[in-house]
Amino acid sequence: MTSERALPIAVLGSGSGSNCQSIIDAIEAGALNARIVCVISDVEDAPILARAQRHGIPAEHISGAPFKTKIAGDAEKQYIARLTESGAEVIVLAGFMRIIKAGLLEAYAGRIINIHPSLLPAFPGLHSWKQALEYGAKVAGCTVHFVDGGTDTGPIIIQRSVPILEDDTSESLHARIQIEEHEAYPEALRAITSGRAKLIGRRVALS
Ligand code: GRF
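Rules of the game
Residues numbered from 1 in each chain as written. Predicted model: local features only at pLDDT ≥ 70, side-chain atom pairs only at ≥ 80, totals over all residues. Heavy atoms only, no water. Helix = DSSP H or I, 4+ residues; strand = E, 2+ residues; numbered from the N terminus. Buried < 20%, exposed > 50% of the residue type's maximum accessible area, 1.4 Å probe, protein only. Contact = heavy atoms within 4.5 Å. Domains from an automatic or database assignment. Buried area = accessible area lost by both parts, 1.4 Å probe. Salt bridge = Lys/Arg side-chain N within 4 Å of Asp/Glu carboxyl O. Polar contact = N/O pair within 3.5 Å; in protein donor to acceptor, adjacent residues only side chain to side chain. Nonpolar A, V, L, I, M, F, W, Y, C, P; charged D, E, K, R; others polar. Pairing = 2+ DSSP bridges. Axes fitted to C-alpha atoms, helices over the stretch in contact; angles between N-to-C directions.

## Here we look at the overall build of the chain
- Along the chain, the regular secondary structure elements total 6 helices and 11 strands.
- C-alpha atoms of the chain, sized along the principal axes, occupy 50 × 40 × 35 Å.
- For the chain, the proportion of its 207 residues judged to be buried stands at 47%.
- Long-range pairs, those at least 24 residues apart, make up 64% of the contacts in the chain with a sequence separation of at least 6.

Written out as structure tokens, the structure is:
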């Protein structure tokens, strides 16, 4: 990965795609030296696909069936084939609601990143902002991290925090976390595209 050419990336998502949008916007604004070579969703009518198409980015649905919560078996083979064909060098998970298993992890070892709506290692798993609110935490946030074989356990690239306010609802807190996510993901990708993110053990040094 050099700073000379636009890094080819693929984005995988299952939902609204607001993080994908923030990456598209950063690229179009000249603030991120990358190009999205494909967007893939496991959900046929996910808005992330329409967002990509509006920007002329190849976007397609690839089912994860028969599994519900992971990419494995034939579906995994299809994902790997499409990603390989696209020329993507880094896989960006943006609200992709399935666990990545060994086949895909090995095909893109150290080159899959994810954004999670909590300050990991606190509150891994689903609806992390709700977990933080219900726990009574005073600070929440988001984490961009490399993906490994665990659930939200990979090396942390960057984190951003938001205070949890007395009158926060689950919705208001999630909305404030998402504002930070939309800054954090392009920032983490900038560190990767410029070769500034170095993995040392499980620490990511940002030079
Ligand atoms: C984000 O909150 C992200 O942290 C989580 O899923 C959500 C995706 O949102 N992994 P969007 O589809 O990017 O709007």
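The discussion continues.
## Side note on the domain arrangement of the chain
- Annotation of the chain at the domain level lists domain 1 (1–109) and domain 2 (115–207).
- One C-alpha centre belongs to domain 1, the other to domain 2, and the line joining them spans 19 Å.
- On the domain 2 side, the residues contacting the 20 residues of domain 1 number 15 residues.
- Between domain 1 and domain 2, a total of about 1,500 Å² is buried, with carbon and sulfur atoms accounting for 68% of that surface.
- Viewed at the interface, domain 2 and domain 1 are joined by 0 salt bridges.
- Viewed at the interface, domain 2 and domain 1 are joined by 4 residue pairs in polar contact (both at pLDDT 80 or more).
- Here the side of domain 1 that touches domain 2 takes 5 residues from helix α1 (residues 18–28), the largest share from any one element.
- Class assignment for the residues of the side of domain 1 that touches domain 2 results in 14 nonpolar, 6 polar and no charged.

## Remarks on the sheet that holds strand β2 (residues 34–41)
- Spatial ordering of the open sheet is given by β3-β2-β1-β5-β7-β8-β9, a layout of 7 strands whose pairing is mixed. Every other strand in the sheet has two partners, leaving β3 (59–61) and β9 (156–163) as the edge strands with one partner each. Here the strands of the sheet are splayed against their neighbours by 20° on average, with no regard to which way each runs.
- Relative to strand β8 (residues 139–146), strand β7 (residues 112–116) is paired through 4 bridges, and the arrangement is antiparallel. The residue bridging I115 from the neighbouring strand is V144, located in β8.
- Relative to the sheet, helix α6 (residues 170–193) contacts β1 (7–13), β2, β5 (90–93), β7, β8 and β9, its axis offset from that of β9 by approximately 155°.

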